[in-house]
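Residue-level structure breakdown
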Amino acid sequence: MFRSRQDYLLRLIEELTQFLARAVFQRKAGREMESLTAIVESCERLFGLEAAELFQFTPDQHFVMLTDGESPENARAKTLIYAALSAEAGRNYASLGKTELARGSFLSALRLTLRARESFPTDDPPPSYAPSIAELLQQLQGQPLDAETSGWLRPGDTR
């Protein structure tokens, strides 16, 4: 059973990284709305919920939904792919001039990335799809962070 669960998760992460790549391509081609649609579809697939139901939950609830009952490796992978999707949503919103939505998406991506690092420490480097903490902080430059998020930052993260 464990092996089949691990295989399923690996296939899911691979599928979601392909969705993410498609979303990046669409944004770079000026098709931000199509990119956002791909991101929503990816989130639905990750959580196994329709968007209308999924986005009723808070980011903290999303974290619990992704990690509850998972091995540390699986929980980290799922959290980081969700962070990557959130960061890409932020880039799309920024391209569309929707600064508040962009900020919320970047902040969510930062919190998820930092929380994955804190909750599931490892010597392994982050996967290639994981958002860069420094890049997320740059996107949020000049905007205050809440105390919890600030508390997860480390000296090398740059602010």
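Each chain has its residues counted from 1, running along the sequence as written. A pLDDT threshold of at least 70 governs which residues receive local features in this predicted model, and a stricter bar of 80 or more applies before side-chain atom pairs are shown or counted, although totals over entire chains, interfaces and linings include all residues. Derived side-chain values reflect all non-hydrogen atoms in the structure, with water molecules and hydrogen atoms excluded from consideration.

Some details on the environment of Ser 95
The way it works is that DSSP assigns letters per residue, a run of H or I at least four long becomes a helix, a run of E at least two long becomes a strand, and they are numbered from the N terminus. The residue Ser 95 is located in helix 5 (residues 72-95) in this model. Ser 95 sits 68 residues away from Arg 27 along the chain, and the two C-alpha atoms are 8.2 Å apart. When near neighbours in sequence (up to four residues on either side) are disregarded, Ser 95 contacts Arg 27 and Glu 32. The contact definition used throughout considers only heavy atoms, calling two residues in contact when any of these lie within 4.5 Å.

As for the packing of aromatic side chains
Each aromatic pair joins two rings of Phe, Tyr and Trp (for Trp, the six-membered one) with centres within 6.5 Å, and gets the label stacked for planes under 30 degrees apart, edge-to-face for over 60, and tilted for any other angle. A complete count under the given rule lists two aromatic pairs for this structure. Taken together, a centroid distance of 5.0 Å and an interplanar angle of 80° make the contact between Phe 47 and Tyr 82 edge-to-face. Pair noted here: Phe 47 is in helix 2 (residues 32-47) and Tyr 82 is in helix 5, with a separation of 35 residues, a long-range link. This pair shows no difference in class: Phe 47 is buried, exactly as Tyr 82 is. When a residue's accessible area, from a 1.4 Å probe over protein chains only, is under 20% of the maximum for its type it is buried; when over 50% it is exposed; and in between it is partly exposed.

Let's talk about helix 2
Taking 1.5 Å per residue as the helical rise, helix 2 with its 16 residues ought to reach 22 Å, and the 23 Å between its terminal C-alpha atoms agrees with that figure. All of the buried residues along helix 2 are Glu 32, Ser 35, Leu 36, Ala 38, Ile 39, Ser 42, Cys 43, Leu 46 and Phe 47. Projected down its long axis, helix 2 carries its buried residues within an arc of 160°, all on one side. Immediately beyond the C-terminal end of helix 2, within one or two residues, lies Gly 48, with a positive phi of roughly 70°. Given a helix with a known number of residues, its expected span is that number minus one, times 1.5 Å. Regarding the arc, it is the one traced by the directions from the helix axis to the C-beta atoms.

Quick word on the side chain of Arg 76
Take Arg 76: it is sitting in helix 5. With no salt bridge to any partner, buried Arg 76 finds its closest opposite charge in Asp 124, at an N-O distance of 5.2 Å. With near-sequence residues (within four places) excluded, Arg 76 lies in contact with Phe 120, Thr 122, Asp 124, Pro 125, Pro 126 and Pro 127. Note on charges: Lys and Arg go in the positive column, Asp and Glu in the negative column, and His and the chain ends are not counted at all. Any carboxyl oxygen of Asp or Glu that lies within 4 Å of a side-chain nitrogen of Lys or Arg is treated as forming a salt bridge with it.

Some details on helix 4 (residues 59-67)
One full turn of an α-helix is made of 3.6 residues, so residues set three or four places apart face in the same direction. Those residues of helix 4 that fall on the buried side of the exposure criterion are His 62, Phe 63, Leu 66 and Thr 67. All buried residues of helix 4 project into a common sector of 115° when viewed along the axis, lining one side. Looking at the buried positions of helix 4, the neighbouring elements they touch are helix 2, helix 3 (51-54), helix 5 and helix 6 (99-119). Downstream of helix 4 by a residue or two, Gly 69 has a phi angle that is positive, lying close to 80°.

What to know about the confidence of the model for the chain
pLDDT runs from 0 to 100 and stands for how confident the predictor is about each residue. Here the chain averages 93 in pLDDT, while 98% of its residues score no lower than 70. The spread of mean pLDDT over the elements of the chain runs between helix 1 (residues 2-28), the lowest at 88, and helix 5, the highest at 97.

Focus: the nonpolar core
Soluble, globular proteins show a tendency: their nonpolar side chains are buried together. Among buried residues, the Ala, Val, Leu, Ile, Met, Phe, Trp, Tyr and Cys ones that are joined through side-chain atoms within 4.5 Å form a nonpolar core. Within the largest apolar cluster, 31 residues are counted, with the highest numbers of intra-cluster contacts made by Ile 39, Leu 46, Phe 47, Ile 81, Tyr 82 and Tyr 129. For this core, the secondary structure elements donating two or more residues are helix 1, helix 2, helix 4, helix 5 and helix 6. No other element matches the nine residues that helix 5 contributes to this core. Discounting chain neighbours no more than four positions away, the residues touching Phe 47 are Leu 54, His 62, Met 65, Leu 66 and Tyr 82.

Overview of the environment of His 62
Assignment of secondary structure puts His 62 in helix 4. By relative accessible area, His 62 is classed as buried at 3%. Taking the C-alpha atoms as reference points, His 62 and Thr 158, separated by 96 residues in sequence, lie 26 Å from one another. Setting aside its immediate chain neighbours within four residues, His 62 contacts Phe 47, Leu 54, Phe 55, Phe 57 and Tyr 82.

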